[in-house]
Amino acid sequence: MAASGFCFYFLVIVVAFGVSLEAANGQLSTKFYKSTCPKALSIVQEGVAAAIKNETRMGASLLRLHFHDCFVNGCDGSILLDDTANFVGEKTAVPNNNSVRGFNVVDDIKAKLEESCPGVVSCADLLAIAARDSTVYLGGPSWKVRLGRRDSTTASKAAADASIPPPTSNLSALISSFAAQGLSLKNMVALAGAHTIGLARCTSFRDHIYNDTNIDKSFARSLRQICPKTGKDNALANLDRKTPFSFDKFYYDNLLKKKGLLHSDQELFNGGSADQMVNTFAKNTSLFFEDFSIAMVKMGNIKPLTGSAGQIRINCRRVN
């Protein structure tokens, strides 16, 4: 009994040391908060569920926050920072202004995390967990979120403008943008499937419905009813008209029918190198879910701040 007890104790020490060593070496771990904030995952999950129950659209908004965070100098929570005297933040960058949302939900979840374990869980990790939980709540796949990111102490509007691909992007520009983040063509097409949920503003798809030819004519006509050539910039349309609040593979079905809402969406099925993957995902939900999960983990590992870099913000909107 004594020997087996010693072995168990030794194993616990080794596992705990392994997790802390991963963080020290700049590697994220799925067990990062196991001892320091054991309720962290459940707190985020409950907050996300409540927010989506209150407003279904919020699931897509939280997922998008993580994407727009990671594409600008890595997954460091910089998108959450308000402007200061020292920098203009990312919230007013062209891809984000009057578009990204969910900041109040993040504030509410962060406040509960601070009550449970003050100064432990980063805002960057909160976004990563919330993205996964939003996907699952709306019927999509789950994955183990690697944690241990720390928060940036600055943000950059210029970097956001330069790094987040606009909805007017062509396929080569999209490929280059994702490749700059270490993401492959396959990763890109899988991540684009997040557009199976959520809404887009008229300004994002106006050019596509009036000027492009690779769009179903009746689909374009119906969209022109809500998005005129001028005015109503903030009018909204579903990114996936078939099942706009279910995380499924119908985004790809839409592309096959030339019913992608954004120019950048339809570029994925327009006679180019992404066509085959769009076809594959349209036929195989399980494969889409698997590749989406893999791509989300890979995206979540873009240049995280770990160890002593950055900080753990108490309020996600400002530096401590």
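Residues numbered from 1 in each chain as written. Predicted model: local features only at pLDDT ≥ 70, side-chain atom pairs only at ≥ 80, totals over all residues. Heavy atoms only, no water.

(A) Geometry of the environment of Ala235. Take Ala235: it is sitting in the loop between α10 (217-224) and β2 (236-238). Sequence-wise, Ala235 and Leu199 are 36 residues apart; in three dimensions their C-alpha atoms are separated by 9.7 Å. If sequence neighbours within four positions are ignored, Ala235 has contacts with Ala200, Arg201, Cys202, Phe205 and Ile226. (Helix = DSSP H or I, 4+ residues; strand = E, 2+ residues; numbered from the N terminus. Contact = heavy atoms within 4.5 Å.)

(B) The packing of helix α2 (residues 40-54) against helix α5 (residues 123-137), seen in detail. It is at 9 Å that the axes of α2 and α5 come closest, and there the two elements cross at 55°. By the angle between their directions, the pair α2 and α5 is classed as oblique. You can see that α2 and α5 cross each other, and the crossing is right-handed. In this structure, α2 uses Leu41, Val44, Gln45, Val48, Ala49, Ile52 and Lys53 to contact α5, whose residues at the interface are Leu126, Ile129, Ala130, Arg132, Asp133, Ser134 and Tyr137. (Axes fitted to C-alpha atoms, helices over the stretch in contact; angles between N-to-C directions. Parallel < 35°, antiparallel > 145°, perpendicular 65-115°, else oblique. Left-handed = near helix turned anticlockwise from the far one by under 90°.)

(C) How the structure looks around helix α7 (residues 171-179). Looking only at α7, the buried set comprises Leu171, Leu174, Ser177 and Phe178. Viewed along the axis of α7, the buried residues span an arc of 125°, placing them on a single side of the element. Those residues of α7 that are buried lie in contact with α3 (58-70), α6 (157-163), α8 (185-192) and α12 (263-266). (Buried < 20%, exposed > 50% of the residue type's maximum accessible area, 1.4 Å probe, protein only. Arc of directions from axis to C-beta.)

(D) View of the pattern of salt bridges. One pass over the structure, following the stated rule, counts eleven salt bridges. For Asp82, the salt bridge goes to Lys91, with nearest N and O atoms at 2.5 Å. Since its relative accessible area comes to 30%, Asp82 is described here as partly exposed. What makes Lys91 buried here is its relative accessible area of 14%. In this structure, Asp82 and Arg317 form a salt bridge, with 3.9 Å as the shortest nitrogen-oxygen distance. Note that Asp82 is positioned in the loop between α3 and α4 (103-116) and Arg317 in the segment after α14 (285-300), a separation of 235 residues in sequence. Using a relative accessible area of 23% as the deciding quantity, one classes Arg317 as partly exposed. Three or more residues are tied together by salt bridges with common partners; here these are Asp82, Lys91, Asp107 and Arg317. (Salt bridge = Lys/Arg side-chain N within 4 Å of Asp/Glu carboxyl O.)

(E) Up close: the side chain of Asp248. Here Asp248 is to be found in the loop between β2 and α11 (250-256). Although buried, Asp248 forms no salt bridge, and the nearest oppositely charged side chain, Lys249, lies 8.0 Å from it. Side chain to side chain, Asp248 and Thr196 meet in a polar contact 2.9 Å long. Engagement of the side chain of Asp248 in a polar contact is seen with the backbone nitrogen of Phe250, the distance being 3.1 Å. Beyond its immediate sequence surroundings of up to four residues, Asp248 is in contact with Thr196, Asp240, Thr243, Phe288 and Phe289. (Lys, Arg positive; Asp, Glu negative; His and termini not counted. Polar contact = N/O pair within 3.5 Å; in protein donor to acceptor, adjacent residues only side chain to side chain.)

(F) Quick look at the nonpolar core. Of all hydrophobic cores here, the largest spans 72 residues; its most connected members are Tyr252, Leu268, Phe292 and Met299. Aside from chain neighbours lying at most four places away, what touches Leu268 is Leu171, Leu174, Met188, Ala192, Tyr251, Leu255, Ala274, Asp275 and Val278. Counting 13 residues, the second-largest nonpolar core is a separate cluster that includes Ala200, Cys202, Phe205 and Ile215. (Core = buried A, V, L, I, M, F, W, Y, C linked by side-chain atoms within 4.5 Å.)

(G) Examining the UniProt feature "domain: Plant heme peroxidase family profile" (unreviewed entry) in the chain more closely. Within the UniProt annotation, "domain: Plant heme peroxidase family profile" (unreviewed entry) is assigned to residues 27-320. Overall, residues 27-320 shows 46% helix and 2% strand. The separation of its end C-alpha atoms is 24 Å. (UniProt positions renumbered as here; feature names shortened; annotations may be inferred.)

(H) Seen up close, the state of the cysteines. This structure, assessed with the given rule, holds four disulfides. Here Cys123 connects covalently by a disulfide to Cys316, the sulfurs 2.1 Å from one another. Disulfide Cys123 to Cys316: torsion about the S-S bond roughly -95°, handedness left-handed. Of this pair, Cys123 sits in helix α5 while Cys316 sits in the segment after α14; the two residues are 193 residues apart in sequence, bridging distant segments of the chain. Given the relative accessible area of 2%, Cys316 is considered buried. Ordinal numbering of bonded cysteines along the chain defines a disulfide pattern of 1-4, 2-3, 5-8, 6-7. (Disulfide = S-S within 2.5 Å.)

(I) Seen up close, unusual backbone geometry. If you check the backbone angles, Lys232 has positive phi at about 55° while not being a glycine. Topologically, Lys232 is positioned in the loop between α10 and β2. Phi angles above zero are rare outside glycine, and Lys303 is one such case at about 40°. Note on placement: Lys303 falls in the segment after α14.

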